[in-house]
Amino acid sequence: MAADVSAEISRIVRILIRDQLPNGSWNYPFETGIVTDCYFIILLRSLEIREESLIQALAERIVQKQERNGSWKLFYDETDGNLSATVEAYTALLYSGYRSKDDDRIQAAKHFIRANGGLKKTNTFTKIMLALIGQYDWSDLFQIPVEAILLPPSFPVSFFDLSVFTRANFAPILILSDRRYHVKTSMTPDLSDLDADGVAGADLPDSDPWQPILALIRQGIQVLSSQIEPVHTDALEQAEHYMLKRIEADGTLECYFSATFLMVFALLARGYSKGDPVISRAVRGLKSMICRIKGYPHVQYTTATVWNTALIGSTLQEAGIADSSEVIRRANHYLWQRRHAKFGDWAIHNPEGRPGGWGFSDANTINPDVDDTAAVLRSIRFSARENETFRRAWDRGIQWVVSMQNSDGGWPAFEKGIDKPYLVWLPIEQPQDILLDPSSPDLTGRTLNFFGECTDLDTRNPLIGRGIDWLLRNQEKDGSWIGRWGICFIYGTWGAVTGLTAAGVKPEHSAVRRAAGWLRRIQNPDGGWGESCKSDVNKHYTALGASTRTHTAWALDALISSSAALTPEIERGIQFLIAAGAAPDWTADYPKGRGMAGAFYIHYHSYDLIWPLLALAHFRRKFG
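Everything numeric in this text was worked out from a predicted model, so none of it was measured.

Overview of the overall build of the protein chain
At step 1: What the protein chain contains, in helices and strands, is 25 helices and seven strands.
At step 2: Over its C-alpha atoms, taken along the principal directions, the protein chain stretches across nearly 65 × 60 × 50 Å.
At step 3: When the 624 residues of the protein chain are sorted by exposure, 61% land in the buried category.
At step 4: Once local pairs closer than 6 in sequence are excluded, the contacts in the protein chain between residues at least 24 apart make up 74%.

Here you go:
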């Protein structure tokens, strides 16, 4: 087995070295299905930008993803299909002009949409898109007055109590909702036949849970109205300023596709022309995020360049590539150039912190996150011992991660203290995913793993002790942990177990033993592991029915870290990884990352290389 393990490690290392870009980075695609492709067609047509070859190619990619029943899915085993994705594809294909209503594929999609409730049963973001092109009534969407953006952080409910992702999307939505804005062109499709009653109206949820929050917001606005004149005008200007202040150098709003898409329409609502330089730069920024997958263009939601480069740089070193090698030197130089030097919104809830983190994407300068920062620090740790420039970046990065620990002992992704539980009463889908940024097992575990493996901190340090205690308090009854940013319980359990053991918790600890027992119980007959995206919707582990390399690597790495001796489960998992590397199947394209349960899933094209390499390297180091 040792020879086979080394051969697979060498194979993956060769691929990674081959794929490194001249600037030292890796830019493997960050694939999110068809939603961004659909919305980019809609954006280009709404702005009357004639990019025909691109629009036609995006439309063809969308068509290629359609299921036999006329629907589109978010992931392979999604039952029947996804209504919102199908409405988005239907709209974009008609808007493109390269499909008409009498096309067989369009007719099949229409049948699926009508059979599953029509436009009124789509998710909130889809309805907002439909409202923007005049196909849905703004009054049928849950609305918060634009004046809410003026409520100060000290108020019981504030704009800055929402996650940074929500704020980036919500600021333009406040403008658009206030104006009931929409734009139509000669190519705007008529979707009135998708609902029996014509233009759709919503089935608004019971208002009781969120009514107190809305009443509190209105109360705060009344107070502001007595202090600011005119408060409505000021609020609209503040929402516009919020967007403009957070535009990155590439023209996008915080490097997010959805936020940039909404910002363009919000600026139109504020009186900007379709050819305004700010709008033109935003469109160019979105175009710069286009990659090619299997011959077709795909508009990425964001780029994962920093994330990929940090993970690959550190994992190659785990696999034996010296930090002095050209490939690592170039990777670390790229990462050093992407360090953050600005105060971002994170400083509002973390006034003691100082800039020093890293973000996710190539263009990100103001929105660092804990996971990326720890990953970068892991990659540059050896360089920081010998190079003063890297040492300063290391020190600032460490200080920033330490400052980001929540009061409960865990770590969030982007900001401290974004966890007010009553905000989940707002009537949108999966509010806990989109509105909040609480401590999570995967972030807390991975941060503990970094401190345990790359610093001198251990269980004797109060910082580490609080993190360990948080993980122990939040273990599921079956021994697993849920993951916030990956699929899903395997990911969370891997993060927690490897974090606990690296921080000094003994493998004999009951929490670690229970987690290892859970992983052994869900191992597949072929030796691998695989988890369905349905887990994050169901809120319990749901088997995929097949094994994936990434899930297997996560489970293996957890078992390796918590096992004193080689076990049959580890041996079988390693054998699966080696065999699966030679003949990848559909599971290679299955999403392993998530952003929002039931709506937003991510296929990281780097993951089937990174995580198997890490698990194999750890196996070789521990068991030979």
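Thoughts on empty space enclosed by the protein
At step 1: Inspection of the entire model under this criterion finds one cavity of 30 Å³ or more.
At step 2: Computed from the structure, the largest cavity encloses a volume of approximately 30 Å³.
At step 3: Every element with two or more residues in the lining of the largest cavity is listed here: helix 15 (370-386) and helix 18 (441-454).
At step 4: No other element matches helix 15, which puts four residues into the lining of the largest cavity.
At step 5: Grouping the constituent residues of the lining of the largest cavity by class yields three nonpolar, no polar and three charged.

Points about the packing of aromatic side chains
Both the distance between ring centres and the angle between the ring planes are used here to describe each pair of aromatic rings.
At step 1: Per the stated rule, a full pass over the model turns up 37 aromatic pairs.
At step 2: Their ring planes at 75° and their centres at 6.3 Å tell us that Trp 554 and Tyr 607 sit as a pair that is edge-to-face. Note that Trp 554 is positioned in helix 23 (residues 549-562) and Tyr 607 in helix 25 (residues 607-623), a separation of 53 residues in sequence. The burial state of Trp 554 is the same as that of Tyr 607; both residues are buried.
At step 3: These aromatic residues form a ring-pair network of at least three members: Phe 30, Trp 307, Phe 360, Tyr 491, Trp 494, Trp 554, Tyr 604, Tyr 607 and Trp 611.
At step 4: Above the ring of Trp 336, the side-chain terminus of Arg 339 is found at 3.8 Å from the ring centroid.

Section: the environment of Pro 368
At step 1: Assignment of secondary structure puts Pro 368 in the loop between helix 14 (346-349) and helix 15.
At step 2: The exposure class of Pro 368 is buried, given its relative accessible area of 2%.
At step 3: Measuring from C-alpha to C-alpha, the distance between Pro 368 and Ile 41 comes to 30 Å, with 327 residues separating the pair along the chain.

Overview of the environment of Trp 346
At step 1: Along the chain, the position of Trp 346 falls in helix 14.
At step 2: Between the alpha carbons of Trp 346 and Asp 369 there is a distance of 9.1 Å; along the sequence they are 23 residues apart.

Let's talk about the confidence of the model for the protein chain
At step 1: Chain-level pLDDT for the protein chain is 94 on average; 96% of the residues reach the 70-or-more range.
At step 2: Here residues 197-207 is modelled with pLDDT under 50, and outside its nearest four sequence neighbours on either side it reaches 25 contacts, counting other chains as well.

Re the environment of Leu 559
At step 1: The topology assignment puts Leu 559 in helix 23.
At step 2: A relative accessible area of 2% places Leu 559 in the buried class.
At step 3: Sequence separation between Leu 559 and Gln 56 is 503 residues, and the spatial gap between their C-alpha atoms is 48 Å.
At step 4: Ignoring anything within four residues of it in the chain, the contact list for Leu 559 reads Ala 516, Leu 519, Arg 520, Trp 529, Glu 569 and Ile 570.

Conventions we followed
Residues numbered from 1 in each chain as written. Predicted model: local features only at pLDDT ≥ 70, side-chain atom pairs only at ≥ 80, totals over all residues. Heavy atoms only, no water. Helix = DSSP H or I, 4+ residues; strand = E, 2+ residues; numbered from the N terminus. Buried < 20%, exposed > 50% of the residue type's maximum accessible area, 1.4 Å probe, protein only. Contact = heavy atoms within 4.5 Å. 1 Å grid on protein atoms, 1.4 Å probe; cavity = no way out; pocket = protein on both sides within 12 Å on 5 of 7 lines; lining within 4 Å. Points joined across faces, edges and corners; volume = space filled by probe spheres on them. Nonpolar A, V, L, I, M, F, W, Y, C, P; charged D, E, K, R; others polar. Phe/Tyr/Trp six-rings, centres within 6.5 Å; stacked < 30°, edge-to-face > 60°. Lys NZ or Arg CZ within 6 Å of the ring centre and 35° of its normal. pLDDT = per-residue confidence, 0-100.

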